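An overview of the molecular structure
Listed here are the chains, written in short residue letters.
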Amino acid sequence: MFPLCSFLQSVCQFVKALSIPVVSVTKRMYRASAVILSGAVVVAVMTFTSAGFSAGGRNALAFAETIPETEEPEEEKETEGIALFTEAKLQLQLTDSESLKNGQLLVGNTLAKGVQKREKVRQERRAATEKTIEEIRRIAEERARAAAEEAARKAEEEARRASAVVSYTDGDYQVLQRIVEAEAGICDMKGRILVANVIINRVKSREFPNNITDVVYQKSQFSPVYDGRLNTCRVTDKTVEAVNRALAGEDYSQGALYFMNRRRSRSSNVRWFDGKLTYLFQHDNHEFFR
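Structure report, in brief. (Residues numbered from 1 in each chain as written. Predicted model: local features only at pLDDT ≥ 70, side-chain atom pairs only at ≥ 80, totals over all residues. Heavy atoms only, no water.)

Before going further, it helps to spend a moment on the sheet that holds strand 1 (residues 258-260). Pairing between sheet strands relies on hydrogen bonds along the backbone, with the strands arranged either parallel or antiparallel. As summarised here, the arrangement of the 3 strands in space is 1-3-2, forming an open sheet in which the pairing is antiparallel. Pairing within the sheet leaves two strands with one partner each, and these edge strands are strand 1 and strand 2 (279-283). The sheet shows a mean angle of 25° between the axes of neighbouring strands, taken without regard to direction. Sheet topology note: the strand 2/strand 3 (residues 286-289) ladder contains 4 bridges and is antiparallel. Bridge pairing in strand 3 places His283 opposite His286. The sheet contacts of helix 10 (residues 267-276) involve strand 1 and strand 3, and relative to strand 1 the element is tilted by about 135°. (Pairing = 2+ DSSP bridges. Helix = DSSP H or I, 4+ residues; strand = E, 2+ residues; numbered from the N terminus. Axes fitted to C-alpha atoms, helices over the stretch in contact; angles between N-to-C directions. Contact = heavy atoms within 4.5 Å.)

This is the structure in structure tokens:
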């Protein structure tokens with residue numbers, strides 16, 4: 001491009017130099033100069049045009065050589081884009097399908113857990129109901145057994161009272177047990193029965209009150225009454241048995257109305273027993289009189 005510009009500038013300067021002395025240049029010379037100038041321009045244009053074409057050919061060849069071998073036509077690019085879009089869509093569909101599948105599995109697991117929880121609650125309620133029923137049945141059985149035992153005890157008590165050698169109330173029965181325990185709690189069965197026999201003999205006698213409680217609490221008769229042992233002693237089963245046997249008629253007393261423990265009695269009482277009463281016999285530490 002630059003050689004062409006330099007050439008044209010040279011031609012213009014030449015023409016200017018020729019046009020300055022207007023007077024000395026003839027028409028023929030002017031015409032010859034124009035022809036020369038035109039020819040030079042044509043030659044220059046052809047020269048630079050061929051050079052441009054050759055350069056363009058070289059440039060086209062070089063451009064063709066620099067095009068990457070992997071570049072593809074527009075149709076192939078479009079086809080590849082469609083394929084990529086289709087593949088992405090398929091992957092999205094697969095992802096959606098996988099998510100749907102996972103969601104279904106999650107829902108299924110949740111439902112299964114809910115069913116298992118309800119079944120567990122149902123089983124716990126059933127077990128609690130069965131336990132409650134069993135507890136109610138046990139309580140009912142215990143109450144029925146207690147009621148049967150109480151009925152049997154009452155029947156036995158009624159039968160014992162009916163066959164007793166003296167009539168007595170529940171209070172009389174408790175007082176008789178306590179006086180036997182307080183007076184003969186360290187004695188054997190016969191010694192306890194003998195004390196009960198003396199109380200019963202007094203109830204039968206006209207010389208004493210006609211019930212067990214009044215006989216026991218009669219003034220100055222039994223030391224456990226005034227020293228308090230009557231209300232503090234604990235009645236044992238052995239004493240209860242002795243009382244029941246005495247009330248039923250088991251009697252070893254020979255009609256005794258008094259008994260005394262000589263070693264534990266006051267001397268005045270001992271003298272009264274020896275002087276006023278008839279000695280019958282002795283069992284363990286007790287001496288019996290009438």
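Structure shown, so let's carry the discussion forward.
Now for the packing of aromatic side chains. If you walk through the whole model with that rule in mind, you get 10 aromatic pairs. When the centroid spacing of 5.7 Å and the interplanar angle of 25° are considered together, the rings of Tyr168 and Tyr173 count as stacked. Pair check on accessibility: Tyr168 and Tyr173 agree, each one buried. Among the aromatic residues, those joined into a ring-pair cluster are Phe208, Tyr258, Trp272, Phe273, Tyr279 and Phe289. (Phe/Tyr/Trp six-rings, centres within 6.5 Å; stacked < 30°, edge-to-face > 60°. Buried < 20%, exposed > 50% of the residue type's maximum accessible area, 1.4 Å probe, protein only.)

Quick look at the pairing of strand 3 now. Side chains His286 and Phe288 of strand 3 all project onto a buried face; the interleaved residues Glu287 and Phe289 project onto the opposite face, where all are buried too. Here 3 bridges tie strand 1 to strand 3, and the two strands are oriented antiparallel to one another. Paired with Met260 across the bridge in strand 3 is Glu287. Taking the residues that link successive antiparallel strands as the turn, the strand 2-strand 3 hairpin has 2 residues, and the phi of Asp284 there is positive, at about 55°.

Geometry only, nothing functional implied.
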